[in-house]
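Commentary on secondary and tertiary structure
Here is what each chain is made of, one letter per residue.
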Amino acid sequence: MEKQLKLLNKPAVKTIKEKENIFHSFIFTIYGDTYDCVDFYKQPAFDHPLLKNHNFHPQMKPILSRTKQNLVTSSTNQSSKLWLNGKGCPSGTVPIKRITKDDLIRQTHMPPPEDVTFDVQLVAVAIVRTENNPNNKFAGAQMAASIWNPLVKDQQHSACRLKIQKGSDTMQVGWRVDPTLYGENKTRLFIHFQGGNKHCFNTLCPGFVIVNTEIPVDMVYDQVSHRGDKTSMEDTMSIGRDLVNGNWWLFLEENHIQIGFWPQGIFTDLTSFATNVEWGGVVYSPPGVPEPPMGSSFFPVEETSYDAYCRGLAVLNDNGETIDVDKTTTHVDNPNLYKVVDLPHAIPGKFQHFVLYGGPGENA
């Protein structure tokens, strides 16, 4: 018998509004961060040795074959803009967070990349993933994830992510609480890629090309979910492969706002289709340090007003068409600390695959 998930009465995506910011000479400050409106052609991505002779431009748009999805009706759309006037950085520029000396010192303590085979895990995960099949051909994937703020400290981090992989190459998007990466405990958007012997977050190293003038890849979610609330805060995140040139595009929100792309040329294995996709939670603690909480910081009780979740799970096939994914498996590194519940058909209709995840970790 299929499980019936107890949903919120009104599973709305509540609008996330940014606090007042200051704009002066193409520099602005928000939440204590300083952003520069950098000329499109001078952004960090183009320092990558394989992108020296690129032909990219600020008005680039992907060519995709995307079918419309119904991710459970929502009364409002999230709209995280950097400017009160809604205009963002001037045309031809993109928002880049200014890196301080303290940022550079902290980030020397970032953990190495995850082991993609699960053989040697430096992190703990509670995830749902597609069936392991080397013949899989995925041109992308999506999720709508509830946003939380689990308590972490020092070099711990806790996150929710969509991860796309082939071989040793990976792309990720999600939310993250990470004092080492960000210098504080706010919940932020993050992206990450690993291609060949390079890996990094956001725009800390060359690779990801930003085209959006309003939404930075490390923005703060100033409103988060709380257990028992009638409305969960969430964001829709997806990655899709351009049908013509193979670039991997990042989209946010239900109307698929284009943020930017990972060029095909920076990868070794993801120059073609992906073979694996994951959704769910991930945490990290240095050796000898207790594991932090994940998601809502509680084990799932199968009620979306209390649980951290990813919903609307779907993949893109090799024609770029969005299809349901129901043949999935679960993986939890430490079931005593974290759990995951996989509900491929939580409620009737297409694209209603729910994943509930979380746990207290070793938090006393």
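- Looking at an unreviewed UniProt entry, the protein carries the name Protein neprosin-like, with the source organism given as Nicotiana tabacum.

Things to note about the pattern of salt bridges
- All chains considered together, the criterion is met by 9 salt bridges.
- With a shortest N-O distance of 2.6 Å, D36 and R98 are connected by a salt bridge. Separated by 62 residues along the polypeptide, D36 in strand 3 (residues 33-39) and R98 in the loop between strand 4 (93-97) and helix 1 (101-107) bring together distant segments of the chain.
- When its relative accessible area of 19% is taken as the criterion, D36 is described as buried.
- Of the charged contacts, one joins R176 and D178 as a salt bridge, the two residues approaching to 2.9 Å between their closest N and O atoms.

Looking at empty space enclosed by the protein
- Throughout the structure, instances matching the rule amount to 7 cavities of 30 Å³ or more.
- In terms of lining, the second largest cavity is formed by K97, I99, D103, R106, Q107, L181, Y182, N202, T203, L204 and D218.
- Counting only elements with at least two residues in the lining of the second largest cavity, the list comes to helix 1 and helix 2 (179-182).
- Residue contributions to the lining of the second largest cavity peak at 3 residues, all from helix 1.
- Taken together, the residues that form the lining of the second largest cavity break down as 4 nonpolar, 3 polar and 4 charged.

Some details on the packing of aromatic side chains
- One pass over the structure, following the stated rule, counts 9 aromatic pairs.
- Geometrically, the ring pair formed by F56 and F261 is edge-to-face, given 4.9 Å between the ring centres and 85 degrees between the ring planes. Placement of the pair is F56 in the loop between strand 3 and strand 4 and F261 in strand 14 (residues 257-262), with a sequence separation of 205 residues.
- With relative accessibility at 11%, the residue F56 sits in the buried group.
- Judged by its relative accessible area of 0%, F261 is buried.
- Seen in terms of ring centroids, W249 and F261 are 4.8 Å apart; in terms of plane orientation they differ by 35 degrees. Their pairing is tilted.

Conventions we followed
Residues numbered from 1 in each chain as written. Predicted model: local features only at pLDDT ≥ 70, side-chain atom pairs only at ≥ 80, totals over all residues. Heavy atoms only, no water. Salt bridge = Lys/Arg side-chain N within 4 Å of Asp/Glu carboxyl O. Helix = DSSP H or I, 4+ residues; strand = E, 2+ residues; numbered from the N terminus. Buried < 20%, exposed > 50% of the residue type's maximum accessible area, 1.4 Å probe, protein only. 1 Å grid on protein atoms, 1.4 Å probe; cavity = no way out; pocket = protein on both sides within 12 Å on 5 of 7 lines; lining within 4 Å. Points joined across faces, edges and corners; volume = space filled by probe spheres on them. Nonpolar A, V, L, I, M, F, W, Y, C, P; charged D, E, K, R; others polar. Phe/Tyr/Trp six-rings, centres within 6.5 Å; stacked < 30°, edge-to-face > 60°.

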